[in-house]
Amino acid sequence: MGNLEKDINSRFENNRVKALLNIIYTANWITSAQNEFFKPFGISPQQYNILRILKGAGEPLKVQTIKDRMLERSPNATRLMDKLCAKNLIERLPSENDRRVVKIVITKTGIELLKVIPKDLNKDLLKNLNEEEAELLSNLLDKMR
């Protein structure tokens, strides 16, 4: 890993095409690394994101609010939450006033799990970049969007 042309044995018609394919390739590389990182904890990166959102909120949240705050917009967020409920990491709280409204809260078990997951989970992904390069990359990605 390190040179897209060598990694995928391909040449590109211009640098914009190469940059776009490199972003897609790198996103998949990051996803694979994060999936491996979270495997021993029995959750996915998306489930971790949900737990962090709930812990950070400090109060029960509507499902839509959680979906809106997720880094990776997931059409299967409800299924992800079903799995977290089954593991007793979150809990659904039905509204007393409106049966259609359900709020989600992180459980003590969910908070305990977050405590054992290292906080520097992404440090190795950017180990080849110094602070200035990381800032430049972030600014370029912001500009792209």
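Residues numbered from 1 in each chain as written. Predicted model: local features only at pLDDT ≥ 70, side-chain atom pairs only at ≥ 80, totals over all residues. Heavy atoms only, no water.

S.K.: So what exactly am I meant to see when it comes to the nonpolar core here?
M.R.: For soluble globular proteins, nonpolar side chains are generally found buried alongside one another. Of all hydrophobic cores here, the largest spans 22 residues; its most connected members are Ile43, Ile50, Leu51, Leu54 and Ile66. Elements represented by at least two residues in this core include exactly α3 (45-57), α5 (77-86), β3 (102-106) and α6 (108-116). In terms of residue count, α3 provides more of this core than any other element does, 5 residues in total. In this structure isoleucine 43 touches Phe38, Tyr48, Leu51, Leu84, Lys87, Leu89, Leu113 and Ile117, once residues within four positions along its chain are discounted. (Core = buried A, V, L, I, M, F, W, Y, C linked by side-chain atoms within 4.5 Å. Buried < 20%, exposed > 50% of the residue type's maximum accessible area, 1.4 Å probe, protein only. Helix = DSSP H or I, 4+ residues; strand = E, 2+ residues; numbered from the N terminus. Contact = heavy atoms within 4.5 Å.)

S.K.: Even after reading the chapter, I still don't get the packing of α3 against α5, so can you show me in this structure?
M.R.: A pair of packed helices is characterised by two quantities: the angle between their axes and the separation of those axes. Running from N to C, α3 and α5 cross one another at 80°; their axes reach a closest spacing of 10 Å. With respect to each other, α3 and α5 are oriented roughly perpendicular. Along the contact surface, α3 presents Gln46, Gln47, Ile50 and Leu51, while α5 presents Ala77, Leu80, Met81, Lys83 and Leu84. (Axes fitted to C-alpha atoms, helices over the stretch in contact; angles between N-to-C directions. Parallel < 35°, antiparallel > 145°, perpendicular 65-115°, else oblique.)

S.K.: How do you make sense of the pairing of β3 when you look at a structure like this?
M.R.: Strand residues, when the strand is regular, have side chains that alternate between the two faces of the sheet. Sheet analysis places strand β1 (residues 61-62) next to β3, joined by 2 bridges and oriented antiparallel. Considered in β3, the bridge of lysine 62 is made with lysine 103. Pairing analysis gives 5 bridges linking strand β2 (residues 90-94) to β3, with the strands arranged antiparallel. Opposite proline 94, over in β3, you have valine 102 as the bridge partner. (Pairing = 2+ DSSP bridges.)

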